[in-house]
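# Fold and contact review
These are the residues of each chain, in order.
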There are 2 protein chains.
Amino acid sequence: MKTVISNNEQTKELVNLVLQGASEAFNTYRNIPGDRKADFLNSIAAEIELLGTSLITQAMAETHLGPERLMGERTRTCAQLRAFADMVKEGSWVEACIDGALPDRKPLPKPDMRKMFIPLGPVIVFGAANFPFAYSTAGGDTASALAAGCPVIVKAHPGHLKTSSLVAGCIQRAALKNNIPSQVFQHIEKTDFDTGQALVLHPLTEAVGFTGSFAGGYALYKMAVNRDRPIPVFAEMSSVNPVCILPEIIRKQAKGIAEKLANAVTGSMGQFCTKPGLQLLIEEEGFEDYLEALRHKFSTAQPAALLHEGIASTFYKRRNESIGTEGVKLEMSSSLKASVQEGYPSLISVSASDFIRQKTLHEEVFGPFTLIIKCRDKKELLEVIRSLHGQLTATIIGTTQELQNNRDIIDALTDKAGRIIINGVPTGLEVCPSTVHGGPFPATTDSRFTAVGISSVKRFVRPQCYQNFPSELLPNELKDENPLGIRRMVNGSWEDPGKK
Amino acid sequence: MKTVISNNEQTKELVNLVLQGASEAFNTYRNIPGDRKADFLNSIAAEIELLGTSLITQAMAETHLGPERLMGERTRTCAQLRAFADMVKEGSWVEACIDGALPDRKPLPKPDMRKMFIPLGPVIVFGAANFPFAYSTAGGDTASALAAGCPVIVKAHPGHLKTSSLVAGCIQRAALKNNIPSQVFQHIEKTDFDTGQALVLHPLTEAVGFTGSFAGGYALYKMAVNRDRPIPVFAEMSSVNPVCILPEIIRKQAKGIAEKLANAVTGSMGQFCTKPGLQLLIEEEGFEDYLEALRHKFSTAQPAALLHEGIASTFYKRRNESIGTEGVKLEMSSSLKASVQEGYPSLISVSASDFIRQKTLHEEVFGPFTLIIKCRDKKELLEVIRSLHGQLTATIIGTTQELQNNRDIIDALTDKAGRIIINGVPTGLEVCPSTVHGGPFPATTDSRFTAVGISSVKRFVRPQCYQNFPSELLPNELKDENPLGIRRMVNGSWEDPGKK
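Quantities reported herein were computed from a predicted structural model and do not represent experimental measurements. (Residues numbered from 1 in each chain as written. Chains lettered and ligands numbered in written order. Predicted model: local features only at pLDDT ≥ 70, side-chain atom pairs only at ≥ 80, totals over all residues. Heavy atoms only, no water.)

## Quick notes on unusual backbone geometry
Cis rather than trans, the peptide bond between A:Lys106 and A:Pro107 has omega equal to 0°. Inspection of the secondary structure puts A:Pro107 in the loop between β1 (97–99) and β2 (113–119). B:Phe441 connects to B:Pro442 through a cis peptide bond whose omega is 5°. Structurally, the position occupied by B:Pro442 is in the loop between β16 (417–422) and β17 (461–467). In this structure, A:Asn179 is a non-glycine residue whose phi angle is positive, near 55°. We note that B:Glu95 has phi near 55°; this positive angle belongs to a residue other than glycine. Looking at where B:Glu95 falls in the secondary structure, it is placed in the loop between α4 (67–90) and β1 (97–99). The class for B:Glu95 is partly exposed, based on a relative accessible area of 25%. (Helix = DSSP H or I, 4+ residues; strand = E, 2+ residues; numbered from the N terminus. Buried < 20%, exposed > 50% of the residue type's maximum accessible area, 1.4 Å probe, protein only.)

## Overview of the relation of the copies chain B and chain A
Laying chain B over chain A is done by rotating through 180° and shifting 0.0 Å along the axis; what remains is an RMSD of 0.0 Å. The transformation just described matches what one would write down for a two-fold rotation axis. Residue B:Val225 of chain B places its C-alpha closer to the rotation axis than any other residue of that unit, at 3.5 Å. Looking at chain B, 100% of its interface residues are interface residues in chain A too, so the copies touch through the same face. (Least-squares fit on C-alpha atoms with pLDDT ≥ 70 in both. Contact = heavy atoms within 4.5 Å.)

## What to know about the side chain of B:Arg74
Residue and element names in this part refer to chain B. In this structure, Arg74 sits in helix α4. Glu49 provides the closest opposite charge to the buried, salt-bridge-free Arg74, at an N-O distance of 6.7 Å. Residues contacting Arg74, with those up to four places away along its chain left out, are Ile48, Gly52, Leu55, Ile56 and Phe133. (Lys, Arg positive; Asp, Glu negative; His and termini not counted. Salt bridge = Lys/Arg side-chain N within 4 Å of Asp/Glu carboxyl O.)

## What to know about the packing of aromatic side chains
What the rule picks out here adds up to 21 aromatic pairs over all chains. When the ring of B:Tyr29 is compared with that of B:Phe40, the centres are 6.3 Å apart and the planes differ by 85°; the resulting orientation is edge-to-face. With a gap of 11 residues between them, B:Tyr29 in helix α1 (residues 7–29) and B:Phe40 in helix α2 (residues 34–50) connect regions that are remote in the sequence. The two residues B:Tyr29 and B:Phe40 agree in class, both being buried. Measuring from ring centre to ring centre gives 5.0 Å for B:Phe214 and B:Tyr218, while their planes differ by 15°; the resulting arrangement is stacked. One end of the pair is B:Phe214 and the other is B:Tyr218, both in helix α8 (residues 214–225) and 4 residues apart, which spans about a single turn. Residue classification places B:Phe214 among the partly exposed residues on the basis of a relative accessible area of 33%. Taken together through their ring pairs, the aromatic side chains of A:Phe214, A:Tyr218, A:Tyr221 and A:Phe441 make up a single cluster. Taking NZ or CZ as reference, B:Lys37 lies 5.9 Å from the ring centre of B:Tyr29, over its face. (Phe/Tyr/Trp six-rings, centres within 6.5 Å; stacked < 30°, edge-to-face > 60°. Lys NZ or Arg CZ within 6 Å of the ring centre and 35° of its normal.)

## A few points about the environment of B:Asp39
One can find B:Asp39 in helix α2. Between the C-alpha atoms of B:Asp39 and B:Gln302, which are 263 residues apart in sequence, the distance is 44 Å.

## Re the pattern of salt bridges
Residues and elements named next belong to chain A. Following the criterion strictly, the structure yields 50 salt bridges over all chains and no others. Of the charged contacts, one joins Arg114 and Asp480 as a salt bridge, the two residues approaching to 2.9 Å between their closest N and O atoms. Separated by 366 residues along the polypeptide, Arg114 in strand β2 and Asp480 in the loop between β17 (461–467) and β18 (488–490) bring together distant segments of the chain. Judged by relative accessible area, which is 5%, Arg114 ranks as buried.

## So, the nonpolar core
By size, the foremost hydrophobic cluster in this structure holds 203 residues, and its most contacted members are A:Phe40, A:Ile44, A:Ile373, B:Phe40, B:Ile44 and B:Ile373. Residues contacting A:Ile44, with those up to four places away along its chain left out, are A:Leu81, A:Ala138, A:Leu146, A:Cys170, A:Ile171 and A:Ala174. The next biggest cluster of nonpolar side chains, apart from the first, holds 48 residues, and it includes A:Ala198, A:Ala224, B:Phe210 and B:Val233. (Core = buried A, V, L, I, M, F, W, Y, C linked by side-chain atoms within 4.5 Å.)

## Considering the interface of chain B and chain A
The parts lose accessible area when they come together, and the size of an interface is often stated as this lost area. Residue-level contacts link 69 residues of chain B with 69 residues of chain A. Taking both partners together, chain B and chain A bury about 5900 Å²; carbon and sulfur atoms supply 52% of that area. Along the contact surface separating chain B from chain A lie 6 salt bridges. Here A:Asp415 makes a salt bridge to B:Arg30, at a shortest N to O gap of 2.6 Å. One can count 43 residue pairs in polar contact (both at pLDDT 80 or more) joining chain B with chain A. Elements that contribute at least two residues to the side of chain B that touches chain A include exactly β1, β2 (113–119), α8, α14 (400–405), α15 (407–416), β16 and β17 of chain B. Ranked by residue count, the leading element in the side of chain B that touches chain A is β17(B), at 7 residues. The residue makeup of the side of chain B that touches chain A, split by class, is 33 nonpolar, 13 polar and 23 charged. (Buried area = accessible area lost by both parts, 1.4 Å probe. Polar contact = N/O pair within 3.5 Å; in protein donor to acceptor, adjacent residues only side chain to side chain. Nonpolar A, V, L, I, M, F, W, Y, C, P; charged D, E, K, R; others polar.)

## Focus on α1(B)
Taking 1.5 Å of rise per residue, 23 residues should cover 33 Å, and α1(B) covers 32 Å from first to last C-alpha, within 8% of that figure. Of all the positions in α1(B), only B:Thr11, B:Val15, B:Val18, B:Leu19, B:Gly21, B:Ala22, B:Ala25, B:Phe26 and B:Tyr29 are classed as buried. (Expected span 1.5 Å × (residues − 1).)

## Observations regarding the domain arrangement of chain A
All names here are of chain A. Per the domain assignment, the segments of chain A are domain 1 (7–237 + 447–463 + 472–478) and domain 2 (242–422). Look at where the C-alpha atoms of domain 1 and domain 2 centre, and you get two points 34 Å apart. Each partner contributes residues to the interface: domain 1 has 12 residues there, and domain 2 has 12 residues. Broken down residue by residue, the surface that domain 1 buries against domain 2 is led by His64, Asn130 and Glu236, which jointly contribute 45%. Across the domain 1-domain 2 interface, the total number found is 4 residue pairs in polar contact (both at pLDDT 80 or more). Each residue belonging to the side of domain 1 that touches domain 2 can be placed in one class, and the counts come to 4 nonpolar, 5 polar and 3 charged. (Domains from an automatic or database assignment.)

## A short note on the side chain of B:Gln279
By secondary structure assignment, the location of B:Gln279 is in strand β9 (residues 278–282). Apart from the residues within four sequence positions on either side, B:Gln279 is in contact with B:Val243, B:Ile245, B:Leu261, B:Val265, B:Tyr290, B:Leu294, B:Thr370, B:Leu371, B:Ile372 and B:Ile373.

## Concerning a negative patch on the surface
Judged by side-chain charge, A:Glu284, A:Glu285, A:Asp289 and A:Asp377 come together as a negatively charged surface patch. Mapping A:Asp289 onto the fold places it in helix α10 (residues 287–299). (Patch = residues over 30% accessible without salt bridge, like charges linked within 9 Å, V, L, I, M, F, W, Y side chains within 5 Å. Areas by Shrake-Rupley, 256 points an atom, 1.4 Å probe, with all protein chains shown as cover. Charge placed at Lys NZ, Arg CZ, Asp CG, Glu CD.)

## Focus on the sheet that holds strand β5 (residues 185–188) of chain B
Whether parallel or antiparallel, the strands of a sheet pair through hydrogen bonds between backbone atoms. Residues and elements named next belong to chain B. Overall, parallel pairing links the 5 strands, which are arranged β5-β4-β3-β6-β7 in an open sheet. At either end of the open sheet lies a strand with only one pairing partner, and these are β5 and β7 (233–236). Here the strands of the sheet are splayed against their neighbours by 15° on average, with no regard to which way each runs. In the sheet, strand β3 (residues 123–126) pairs with strand β6 (residues 207–211) via 4 bridges, with the strands oriented parallel. By the bridge assignment, Val123 is partnered in β6 with Ala207. Packing of helix α7 (residues 193–201) onto the sheet brings it into contact with β3, β4 (152–155), β5 and β6, and relative to β4 it is tilted by some 160°. (Pairing = 2+ DSSP bridges. Axes fitted to C-alpha atoms, helices over the stretch in contact; angles between N-to-C directions.)

## Some remarks on the confidence of the model for chain A
In this model, chain A carries a mean pLDDT of 95, and residues with pLDDT of at least 70 account for 98%. Confidence metrics for the complex model read pTM 0.96 and ipTM 0.96. (pLDDT = per-residue confidence, 0-100.)

## What to know about the sheet that holds β1(A)
Strand order in the open sheet formed by 12 strands is β19(A)-β18(A)-β1(A)-β2(A)-β17(A)-β16(B)-β15(B)-β8(B)-β9(B)-β14(B)-β13(B)-β11(B), with mixed pairing between adjacent strands. Both outer strands of the open sheet, β19 (493–495) of chain A together with β11 (329–333) of chain B, are each paired with one neighbouring strand and no more. Geometrically, the sheet is characterised by an average inter-axis angle of 20° between neighbouring strands, direction not taken into account. Sheet topology places strand β8 (residues 242–245) of chain B next to strand β15 (residues 391–397) of chain B; 3 bridges connect them, and they run parallel. Bridged to B:Val243 within β15(B) is B:Thr395.

Listed below in structure tokens is the structure:
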């Protein structure tokens, strides 16, 4: 008689094998020196570049994103990997801290205390539909977790499974070439819900990174925090990225600002987590000119294919729901016909009071869509800002003088978002040490961290204190002689051997 | 007709007023410069010292802790407040980071990006029964939250309500003297469960700090993460603090080690979160001598009053449950008679296999109690370590040579705890920059943070990015000219004006 194995049992067995492998690999990988981890990360970037156009062609076929956009994203992904390589090679990121013993202190002697960051353990990564490279298989979550010293398990995104497999191959080859245990990186191509759930719930899983929809991220968050042993989840989920445009600048530059904003909404069919989905204006002189200029830009905007069918159907559903909401006016849709797979650039407006009382209008509409909120005065504009959920970004556009005069608006926006932009657009995130790609819930599940930039490594590490350790048992980072030449805090003062 | 207001409605109304007050005060307090916050924190310490013996007498009456212990704790509490004062006065703790604009960069110009830590908002603090000063009203949670720029609401501990009121008065006077809005600190003397729940669930609450039992901390954690808008909770809850004693050192120093460990278990009636509740030994030559020396110490240990009735009844319940567990042997209780209010120093033993399979033995017994785990060999000892929950501390005691030869044991312990001690005891936590008082669940709800030491401020702040801000709109910490003279990362390199 043949034993019948149900799908559920198969999933459990697979996930168990995967996590046991990751856990074993962790014991080796955590102790690999920074320069070898750097070689591994640099190697991943090189392998991705080696794939050349075949990778871009595959991603184009699966995501409908254009070649320029994808090549730019590949560049960013490789730059991120190399930035983390530089970080672990240099080594100071562990924030080593040394407080020497004072054996003669009264009334009690002071023991020798030292601390540094150590990795948490196996991390599950759920990539994003809209960034097949930078927020997916070898994206920021994977790069930061590998840099931290954590094994990574990527659950491939169903929207770009083949692209994901190609990138996974790069990581696997890089591991092989650099003598890194193969199970430091594992790629799961079962994309069903149960597999994701089993990965998050497995007792050996130590953390989760997610980029995607609110529904998906929040479900994983709830699973992780309600496990017998809760684990941290960093989910970047949902943001409408309000842009507040002040009256004086609108009177002066209605057309120029309309062009910038329309491009930010419709570029890549608005499929960015930082797309400006709300625009807050006061109905004064210049407002109508601005709206008219926007209408013109939207009417001539070219529809284009969305990432995949699910994204397209959700876009139309949410767009039509918004248009059907009380008090909402459809200002303009593209005059060019769009297929059901294509984004249909759409400009909507509503009064501040109708916006404030109808919470569905506060939720993200992913795609080429933006909502103008008409405020009677500054007081109402501030009320709108205070009614908003947490955001990844908030933007304010104004003349030098009116920015000075509206610090209360800037403060109110600061409360709501992880990044505040003056006189710019939120799309086109710059990756550098000052980057914060995070923000209050529901933008992310924990505003104390960022998903982008080298400090994103903090999501996957914890401080470890070593008390009264003899030198030979300390990690190199904490030995008196500082063999790695890293910047450290020693007895309350920073010491930098000037290696960098 | 008189309106009847139920207790529940009264609670809601009170909590609503409290949080609205805190939220308003936040708008002022967050913008108060570091040196003024430092004056406030220093003032709190001075006011506490001014109370003199009246504070100690009150705390003795409520907690049954001795005067020396309480005076030591007061010293530590004031030192903590002053350490946070120094930190905010110096100012570099915000980790300011500046990446200048590159307007001519190709293909795209680089915007000016800057970041620093900003406070989260109102924090609810639940203090501990066993530390009426250092982990309560003006303890580490309050001091770090106030330093961060967050208003604090302390729910007084029912075990030392009057002590808490005295300390609250100190904070209130310090606020008044330093022109700090009074609602930056609020003291809630309703100690029922509903009030605590309403505080955690209020929409204006931004974070929670807790020190206490697993049951209490975990309940608050579950509430906070399952709110409509989840908020971070740092709960320090439960730890058995395993001590692993290797065979060679036991053969040489059985008596001396037994004395140290017995003191760590029975001092202050074992009412420390770092009390060694488990001792792991291999049954080889010397083991019996060690156990005999311990038995002697326990038989002569003096029972003394526990903190309060609830602690006493839980101690006896858990102690007797442990003794009644299969395979457990009561090695020795104090030969001196103890009243039901007093801790009864108790030494228990069990085999490794009986310990591993019975999970209730893995849970903390708060009070003068320790469990010897008898391991057949090193393999079994490692199995015991791997079976443990997360811990605040783990300790290993051995000769220089056997520590060298047992790095795998040190590694296994490192996986389990936030602080690893060699040849010492876990009690008597040193407060310095290297301190980590945290650890994997259930020791805390988030191993990425510490409850003690100046880096505990990280629990209550988030990074904020300012893009393309004109100098006059930037916080002082981020202005080019560095008016505060703080250490900053500028264009990827650390710059320290050498103020400190």
